[in-house]
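# Per-entry structural report
These are the residues of each chain, in order.
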Amino acid sequence: MSTGISSNTTSKKMSVPVIIIGNGPSGICLSYLLSGFTPYLKDGTVHPNPILQSKLEEAAHLPITAQDLEYLSEGLEGRSSSPASLLFDTLLRPNTDFLGDVDSVLDWKLEPQRAIPHLVLGRDQPGGAWNAIEGSMITLSRGDWMGLPDFPFKEWTRLKRRNVRNDRSTAGDILNYYQCYVKKKKLEHNFLSGAVVTSVVKVKRGDENSYGTEIYQRDAELMEGNAHEGSLFKVSGFLKASCGPRQTFSFYAENVVLATGTYDSPSWLGVQGEDLPFVFHQISALEEAIKMGHIQSHSDPVLIIGAGLTAADAVLLAHHYNIPVVHAFRRRVNDPALIFNQLPHIMYPEYHKVHQMMKEQSVFEGGPYAGYMSLPEHHLVDFHCDRKCTFSDKHGQRKMFGISMALVLIGSNPNLSFLPKNGTYLAIDTMQSVNSKRNPLDVDPFSYECFQEKGLYALGPLAGDYFVRFVQGGTLAAASSLLKSQKR
């Protein structure tokens, strides 16, 4: 993607009001909102929620971003704990959980005077983590819930003549849709792809004219303060290049938005031998092994550890190629917290098939699924150099298995190594590492600005929002805050 930035610029200093780190759905949506595209209540429309409709009519002449989001979202209920997410979702897809397809009540107007110059930095092409997901994988959410404002996913599928199965789509189609969105909305000049951020520190205004490293080492401590006036963020990193010298950049911004997601740093078990060469932490390793013919139907089993959807995807992939699987997880198969016990059977038949296999083909009793064995309530003890591994069950009994490769798929953590203390000082519990589910960043629910750092915002999983459908509410809140602060 073009950025409007010359190759020489990246080696020099450049100042911009907003820098967004991460070019996934959150970064794309926020770029749209900061590019002058402004949401209003559509003339003549009636929202199914009469209380919300009444509130919207009170200030119909004002854009949603200029209104009181706390007032508008008061009393809304739904599948998200974020009031801003519930508000934006019900404006984009009114009562979609109950009424099916209801047109958005928003009218989008391009108002260049409201645009805020910004730069979106991403490691890969627009789409964020969707670049790394196997394209044939079926998404968890319905396709229309993956859509971004003013260009519904269904409109894209009609243009591309795509057939959507059970209202869900493939990861490849979702990635293509996001990249098409950036082009269709003419946002390319805001995006710098292949940009790896290595540090974000706060510096005093005027210090951006100096290049002494001593200044930035000294002022890194300011990141933990609350003083925003008279300061800027210095965002440094490098551009990925296939050949030639690595090019570095340093940008300065009044505000920085963290939209990096959690896909970069897979979680580890922390057991002995986990760093052996046949142990992997991403499903892409299984895809590559199958593609290269390193594992086949007659190979030793693939060990898959985890009871989430990524582990289930790995089981389905291996099962498709008749590759034997040993599937280990710590929970009971009927644990209410298990994700399979929360998904409707009709929409997610393949995941319920895996859950059925987990229940019916355990190590304790045989079953109808050849080449698959589950180990419920088992803990891995260690890996051995000879491609063996030891497990302990809930009674302390140990079992050893020979395997061809192991996939530890137990979730992931955000990579905030570019922030002081890995960003822990921004979390709800500052004594623990950042985790999107257990310890997200502590943000204002109606601006998504970090409580511990003025001018620093967090979106998506970093702020506790997981699904694309709901991360967009955070972008509405952040855009509203940024627009109001720029006006001041």
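Here we summarise the structure given alongside this text.

Basis of the calculations
Residues numbered from 1 in each chain as written. Predicted model: local features only at pLDDT ≥ 70, side-chain atom pairs only at ≥ 80, totals over all residues. Heavy atoms only, no water. Helix = DSSP H or I, 4+ residues; strand = E, 2+ residues; numbered from the N terminus. Buried < 20%, exposed > 50% of the residue type's maximum accessible area, 1.4 Å probe, protein only. Contact = heavy atoms within 4.5 Å. Areas by Shrake-Rupley, 256 points an atom, 1.4 Å probe, with all protein chains shown as cover. Pairing = 2+ DSSP bridges. Axes fitted to C-alpha atoms, helices over the stretch in contact; angles between N-to-C directions. Core = buried A, V, L, I, M, F, W, Y, C linked by side-chain atoms within 4.5 Å. Phe/Tyr/Trp six-rings, centres within 6.5 Å; stacked < 30°, edge-to-face > 60°. Lys NZ or Arg CZ within 6 Å of the ring centre and 35° of its normal.

All right, on to the overall build of the protein then. When helices and strands are counted, the protein shows 12 helices and 19 strands. For the protein, buried positions account for 54% of its 488 residues. Within the protein, counting contacts between residues at least 6 apart in sequence, those at least 24 apart form 69% of the total. Split by element, the accessible area of the protein, about 22,400 Å² in all, is 49% carbon and sulfur.

So, about the sheet that holds strand β11 (residues 302-305). The strand order across the open sheet built from 5 strands is β10-β17-β11-β12-β13, with neighbouring strands paired in parallel fashion. The sheet is open, and its two edges are formed by β10 (279-280) and β13 (372-376), each paired on a single side. Along the sheet, helix α11 (residues 349-360) contacts β12 (325-329) and β13; its crossing angle with β13, the most-contacted strand, is approximately 75°.

Membership of the largest hydrophobic core comes to 119 residues, with the highest contact counts inside it found for Leu 121, Leu 258 and Leu 441. No other element matches the 8 residues that helix α12 (residues 468-487) contributes to this core. Sequence-distant contacts of Leu 258, that is, excluding residues within four places in its chain, are made with Ile 21, Phe 418, Leu 419, Leu 426, Leu 441, Leu 456, Tyr 457, Ala 458, Leu 459 and Leu 462. Judged by nonpolar contacts, the second largest core, of 17 residues, contains Val 271, Leu 303, Ile 305 and Ile 403.

Moving on: unusual backbone geometry. Most peptide bonds adopt trans geometry, and most residues besides glycine take a negative phi value. Positive phi, normally seen in glycine, also occurs at Lys 186, with a value near 55°. Residue Lys 186 is classed as exposed on the basis of its relative accessible area of 61%. Despite not being glycine, Glu 377 has its phi angle at roughly 55°, a positive value. By the secondary structure assignment, Glu 377 is in the loop between β13 and β14 (379-384).

This part is about the packing of aromatic side chains. Evaluated as defined, the whole model comprises 14 aromatic pairs. Between Tyr 32 and Tyr 181, the ring centres sit 5.8 Å apart and the planes meet at 65°, which makes this aromatic pair edge-to-face. In this pair, Tyr 32 is assigned in helix α1 (residues 25-34) and Tyr 181 in helix α7 (residues 171-184), connecting sequence segments 149 residues apart. For Tyr 32, a relative accessible area of 0% translates into the label buried. Judged by centre distance (5.4 Å) and plane angle (50°), the rings of Tyr 177 and Tyr 178 are tilted. Accessibility assignment for this pair places Tyr 177 and Tyr 178 in one class, buried. Grouped by ring-pair contacts, the aromatic residues Tyr 32, Phe 37, Phe 88, Trp 108, Phe 151, Phe 153, Trp 156, Tyr 177, Tyr 178 and Tyr 181 constitute a single cluster. Directly above the aromatic system of Phe 151 lies the positively charged group of Lys 184, at a separation of 5.1 Å from the ring centroid.

What follows is about the pairing of strand β15 (residues 388-392). Buried residues dominate β15, accounting for 4 of its 5 residues. As defined by bridge partners, β14 adjoins β15 across 5 bridges and the pair is classed as antiparallel. What sits directly across from His 379, in β15, is Ser 392. The antiparallel hairpin formed by β14 and β15 contains 3 residues in its connecting segment, where Arg 387 sits at a positive phi of about 60°. Here 5 bridges tie β15 to strand β16 (residues 398-402), and the two strands are oriented antiparallel to one another. Within the sheet, the bridge partner assigned to Thr 390 lies in β16 and is Met 400. Here β15 hands over to β16 after 5 residues, with Gly 396 in that stretch at a positive phi of 90°.

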